[in-house]
Amino acid sequence: MQPPESSHADEIRQAMQKMLDDNAKAAAEVVTVAQKTRDEAAAALESARQDLLETTQNEATLYAAFFRGHWDRIEKDLHERINRDLAAKLLHTGQPLNEIADLLRMPEAEVLEMAMRFGHIEPRTKKFLFLEPKVKWHKMNTSYARVTYEDQGRGGYVVFQMDSTICRFWYEFGSGSTLVFIDVPAEAQWESHTKIPLADRDEVLNFIGRRAIADKAPGYRYRIEATSVVIYNS
Amino acid sequence: MIDPLLNFETYAATLQNVMAAAVEAAEALRDAAAADLNAAADYKIEKQEFLNQLENKARRKAEDDLAAQYPKMKAEMAAALLEKLKAAGKTPEEMALLEEALS
C-alpha cells in the first residue's frame, strides 16, 4: 500500500501532465486556425491572380464585346436622336401627331411632348397632367434642359437633353475625395460628338455639374476639367 | 513524464513557451494572410482598371466611328422618311415642302 504522500504526488503529477497536454492542444489549435486563415488567403490570392490573367488574355474578346455593346447603344441613341430631329421638322411642317408617330415609329406621347415643348400645341393641363415628365426641366439660358441618369453598376450615363438634342456622357465612380468622373468630349471633339455649339460647352457642363449635385450628391462640389466634369468632396 | 516534485518554474515556463511559440506562429501566419489578401485586392483593382480602360477605349472607338457615320445615317433616314411620305399619298407640292424641311 502506498503512503498517502505518494498517492497525493501521483495526483499532482497526473494533473500537471494533463495541463501540459491541454496546453499543447490549445496551442496547436491556435496555429491550426491561423493556418486555415492563411490557406484561404492564399487561395483568394491565387484566384484573383488567375482571374486577372484570364481577363488580360481575353482582351480581344472583351474589347469586341464592349465595342459591340457601345456600338449598338450609341447607334440606337443616334437613331432616336435623328428620329426626334425629323419629328421636330415634321411638326414644323404641320403634319398630324399620329401620322408623325406612325411614320417614325415613335410613341405618340413622345411626339405630343415635343409638340407641346416646341409650342405647336397648347398643353391642356388637366387632361395631360399625366404626361408631365418625372424629371423636371430646368431653365438653361433661354431654353430648358434636363439631366437624367442611367446607372450601370460601377458607372453609367449622364444623359443631357435640351430640345431635340440628347447627349450621353459616361460616368465612373472615383476614389478618395472624388465621387464621380463624368467623361465629356474635349473642346476639339465637342461639336462633332454632341452637335452642340462649342460656345455653349461651358454652359452645358456647368448645368450638368449643378444638376448632378442637386440630384445625386448634395453637399458635393464640381469642377470642369479638359475631358471631364469631376464631382468631389471639398 | 513530468515529475511534479521537480522544478515548478520549469513547468510553468514550459506551458508559457509552448503557447507563446504557437501565438508567434499564428501571428506570422495571419501577417502572411493579410499580405495575400492585400495582394489579391491589388489584382482585383488591376483587373477592374484594365476592364475600365478597355471599355473606355472600345466606347470611344464606337463613338468616333458612329460620329463619322452620323451624316450618312441621317441622310438615309430622311430619305426613307420621304419615301414613306410619298407612299402615304402626299402631293408633289407637299413633297417639295417636306423635302426642303427635311434636308
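As the structure is a computational prediction, the values presented were derived from the model and not from experiment.

This part covers the overall build of chain A. The number of helices and strands found in chain A is six helices and seven strands. What you see in chain A, going N to C, is helices and strands ordered as α-α-α-α-β-β-β-β-β-α-α-β-β. Out of the 234 residues belonging to chain A, those deemed buried represent 19%. In chain A, once contacts between residues fewer than 6 apart in sequence are set aside, the share between residues at least 24 apart is 34%.

Confidence along chain B averages 91 in pLDDT terms, with 94% of residues attaining 70 or more. Predicted complex, confidence summary: ipTM 0.81, pTM 0.57.

All right, on to unusual backbone geometry then. Residues and elements named next belong to chain A. The backbone of Arg105 sits at a positive phi, close to 50°, despite the residue not being glycine. Structurally, Arg105 can be placed in the loop between helix 3 (97–104) and helix 4 (108–117). Judged by the 7 C-beta atoms lying within 10 Å of it, Arg105 falls in the exposed class. Positioned with a positive phi, Lys195 is a non-glycine residue whose angle comes to about 65°. Topologically, Lys195 is positioned in the loop between helix 5 (187–194) and helix 6 (201–216).

A few words now on the nonpolar core. Residues and elements named next belong to chain A. In terms of nonpolar packing, the biggest core is built from 20 residues, with Val158, Phe160, Phe169, Tyr171, Ile182, Ile208 and Ala212 touching the most fellow members. Among the elements of the structure, strand 3 (155–162), strand 4 (165–173), strand 5 (178–183), helix 6 and strand 7 (228–232) are those that each provide at least two residues to this core. Examining the composition of this core, we find that five residues originate from one element, helix 6, more than from any other. Aside from chain neighbours lying at most four places away, what touches Ile182 is Val158, Phe169, Tyr171, Ile208, Ala212, Ser228 and Val229. With 13 residues, the next largest nonpolar core counts Ile82, Leu86, Leu90 and Leu104 among its residues.

Here we take up the confidence of the model for chain A. Taken over all residues, the pLDDT of chain A has a mean of 84, while the share at 70 or more is 88%. Low confidence marks residues 124–133 of chain A, where pLDDT is under 50. Its contacts with residues over four positions away, or in another chain, come to four contacts.

Often the size quoted for an interface is simply the accessible area lost on bringing the parts together. Contact residues are listed per partner, giving 48 residues for chain A and 50 residues for chain B. Of all the secondary-structure elements, those providing two or more residues to the side of chain A that touches chain B are helix 1 (4–57), helix 2 (59–92), strand 4 and helix 5 of chain A. The dominant element in the side of chain A that touches chain B, judged by the number of residues it contributes, is helix 1 of chain A, at 28 residues. A class-by-class count of the residues in the side of chain A that touches chain B yields 29 nonpolar, eleven polar and eight charged.

With that settled, consider helix 6 of chain A. Spanning 16 residues, helix 6 of chain A covers 22 Å between terminal C-alpha atoms, matching the ideal 22 Å at 1.5 Å per step. When we look at burial in helix 6 of chain A, the residues that qualify are Val204, Leu205, Phe207, Ile208, Gly209, Arg211 and Ala212 of chain A.

Conventions used here
Starting afresh in each chain, residues are numbered from 1 along the sequence in its written order. The lettering of chains begins at A and the numbering of ligands begins at 1, in the order of writing. For this predicted model, a pLDDT threshold of at least 70 governs which residues receive local features, and a threshold of 80 or more governs which side-chain atom pairs are given and counted, while totals over whole chains, interfaces and linings are taken from all residues. Helix and strand assignments follow DSSP, with helices taken as H or I runs no shorter than four residues and strands as E runs no shorter than two, numbered in order from the N terminus. Here a residue counts as buried when 20 or more other C-beta atoms sit within 10 Å of its C-beta, as exposed when there are 12 or fewer, and as partly exposed otherwise, the C-beta atoms being derived from the backbone. A pair of residues counts as a contact when their C-beta atoms, built from backbone coordinates, are within 7 Å of each other. For every residue, the predictor states its confidence as a pLDDT score lying anywhere from 0 to 100. As used here, a nonpolar core is made of buried Ala, Val, Leu, Ile, Met, Phe, Trp, Tyr and Cys residues. They are joined through C-beta atoms within 7 Å. Polar here means any residue other than Ala, Val, Leu, Ile, Met, Phe, Trp, Tyr, Cys and Pro, which are nonpolar, and Asp, Glu, Lys and Arg, which are charged; Gly is therefore polar. A helix is expected to span 1.5 Å for every residue after the first.

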